[in-house]
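Structure at a glance
Chain residues, written in single-letter form:
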Amino acid sequence: MRASTTGRMLHDPKGGSFWFDAGAVCLDFAHTGGEGRYAVFETLHEPADLGEWLAEPPLAAVMTVPVTARELIAAKALRQAIWDAAHAQAARRPLPAEAVATINRAAAEAPLVPELIHELVPAPVVGGTTAGWVSPVRATQALSTLAREMIELLSGPLSERIRECASDDCPLVFVDSSRPGARRWCAMERCGNRHKLRAHRARRATEPDGG
Ligand SMILES: [Zn+2]
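Residues numbered from 1 in each chain as written. Predicted model: local features only at pLDDT ≥ 70, side-chain atom pairs only at ≥ 80, totals over all residues. Heavy atoms only, no water.

1. Overview of the side chain of E71
Checked against the element boundaries, E71 lands in helix α3 (residues 69–90). No salt bridge is formed by the buried E71; its nearest oppositely charged neighbour, R138, is found at 5.9 Å. Other than its neighbours up to four places away in sequence, E71 contacts L50, P66, R138, A139, T140 and L143. (Helix = DSSP H or I, 4+ residues; strand = E, 2+ residues; numbered from the N terminus. Buried < 20%, exposed > 50% of the residue type's maximum accessible area, 1.4 Å probe, protein only. Lys, Arg positive; Asp, Glu negative; His and termini not counted. Salt bridge = Lys/Arg side-chain N within 4 Å of Asp/Glu carboxyl O. Contact = heavy atoms within 4.5 Å.)

2. Considering the coordination of the zinc ion
The protein atoms that coordinate the zinc ion are C165 (SG), C170 (SG), C186 (SG) and C191 (SG), at distances spanning 2.3 to 2.4 Å. Geometry at the zinc ion is tetrahedral, judged from the four donor atoms that bind it and their angles of 102 to 117 degrees at the metal. Going along the chain, you hit the donors of the zinc ion in the pattern C-x4-C-x15-C-x4-C. Of this pair, C165 sits in the loop between β5 (162–164) and β6 (173–175) while C191 sits in helix α6 (residues 188–206), and the two are 26 residues apart along the sequence. Owing to a relative accessible area of 4%, C165 belongs among the buried residues under this scheme. Residue classification places C191 among the buried positions, given a relative accessible area of 1%. (Donors = N, O, S within 2.8 Å, 3.2 Å for Na, K, Ca; no water. Tetrahedral: all angles 85-135°; square planar, octahedral: opposite > 155°, others 65-115°.)

3. As for the packing of aromatic side chains
A ring pair, where both rings are aromatic, is described by two values, the distance of the centres and the angle of the planes. All told, the structure shown has three aromatic pairs when counted by the stated rule. An aromatic cluster is defined as three or more aromatic residues linked by ring pairs; in this entry it consists of Y38, F41 and W83. Here R8 stacks its cationic end above the ring of W53, 3.8 Å away from the centre of that ring. Residue placement shows R183 over the ring face of F174; its charged tip is 3.9 Å from the ring centre. (Phe/Tyr/Trp six-rings, centres within 6.5 Å; stacked < 30°, edge-to-face > 60°. Lys NZ or Arg CZ within 6 Å of the ring centre and 35° of its normal.)

4. Let's talk about the pattern of salt bridges
Within this structure, the stated rule accounts for four salt bridges. A salt bridge links D176 to R163; the shortest N-O distance between them is 2.9 Å. Placement of D176 in the loop between β6 and α6 and of R163 in strand β5 is noted, with a sequence separation of 13 residues between them. Judged by relative accessible area, D176 falls into the buried class, the value being 2%. For the salt bridge of D169 with R194, the shortest nitrogen-to-oxygen distance reads 3.4 Å. Of this pair, D169 sits in the loop between β5 and β6 while R194 sits in helix α6, placing them 25 residues apart in sequence. Through salt bridges with shared partners, a single network forms among E42, K76 and R79.

And the structure:
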């Protein structure tokens, strides 16, 4: 079966990178770049960049038909819609109508079709049955699959667990699917530790002997 782990390495244009797991492929996809002040984070410059992103696990949708310029435009519109809807949900605001329409439009296309791979040689791993996607594999289908995942997420029990990172200046959004449901940070190594350091400094500053 395809690996079920979500998450991607994100690169800060100012330097440094960190692993960020948004908890769902569609939410990971929402962090591939953006518009306006988020344009500096853009990673999908060419249609081929989109193909490369989709080919990575857990989606592992290797395009059999090259991604078109139109599909890249549609992908960015869907990405913005997922981003907007996730933030609205995190803030418990009504979902923006435009975002809803864009997600629904993408989902209306035929999605990726899964298939079991018949292997002549038993795979060397436990539970070695593998699955792939029926060819042809097009970006439009992958976008439909992402949009459908977002619809499930927003209309399912985990919608309550869609959150923005607790750091004041961090807009990263994720779904907390952990059992305790106590996740606060985009990534501990980024905002979590920064917060701990600040709290530590604040504590020292208030101590009478100056720490
Ligand atoms: Zn953060």
